[in-house]
Amino acid sequence: MADQKKAPVFCENYCLVCKGARAGNGFFKAIQNIELKIFGKNGCPWGKARTEYYGVTPDQPIPK
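Report on the accompanying structure. (Residues numbered from 1 in each chain as written. Predicted model: local features only at pLDDT ≥ 70, side-chain atom pairs only at ≥ 80, totals over all residues. Heavy atoms only, no water.)

## Description of the packing of aromatic side chains
So, step 1. For the coordinates displayed, the defined rule picks out three aromatic pairs.
So, step 2. The interplanar angle of 50 degrees and the centroid separation of 5.1 Å between the aromatic rings of Phe10 and Trp46 together place this pair among those described as tilted. Separated by 36 residues along the polypeptide, Phe10 in helix H1 (residues 9–14) and Trp46 in helix H4 (residues 45–54) bring together distant segments of the chain.
So, step 3. A residue is classified by how much of its surface remains accessible, and Phe10, at 35% relative accessible area, is partly exposed.
So, step 4. Each ring, one from Phe27 and one from Phe28, has its centre 5.4 Å from the other, and the planes form 65 degrees; the classification is edge-to-face.
So, step 5. Classification of Phe27 as exposed rests on a relative accessible area of 56%. (Phe/Tyr/Trp six-rings, centres within 6.5 Å; stacked < 30°, edge-to-face > 60°. Helix = DSSP H or I, 4+ residues; strand = E, 2+ residues; numbered from the N terminus. Buried < 20%, exposed > 50% of the residue type's maximum accessible area, 1.4 Å probe, protein only.)

Now the structure itself:
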């Protein structure tokens, strides 16, 4: 994990689209797929921060 960086919590805890998609909601998965096609595999700026910090894209859960 990143050294002294603060964990990017928006994508993980507050983003309705990403949080809903990771929980298995089909509607939010469809929206997230569109978002990932527009912004690239790392998603929006908050998703990109999450990818850099945790090493997983916004559509994947954080490894334990």
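## Points about a nonpolar patch on the surface
So, step 1. A surface patch of nonpolar side chains, about 440 Å² in accessible area, is lined by Val9, Phe10, Tyr14 and Trp46.
So, step 2. In terms of residue count, H1 provides more of the nonpolar patch than any other element does, three residues in total. (Patch = residues over 30% accessible without salt bridge, like charges linked within 9 Å, V, L, I, M, F, W, Y side chains within 5 Å. Areas by Shrake-Rupley, 256 points an atom, 1.4 Å probe, with all protein chains shown as cover. Salt bridge = Lys/Arg side-chain N within 4 Å of Asp/Glu carboxyl O.)

## Digging into H4
So, step 1. Taken together, the buried positions of H4 are Gly47, Arg50, Thr51, Tyr53 and Tyr54.
So, step 2. On its buried side, H4 packs onto H1 and helix H2 (16–22).
So, step 3. A positive phi of about 80 degrees marks Gly55, the residue just after H4. (Contact = heavy atoms within 4.5 Å.)

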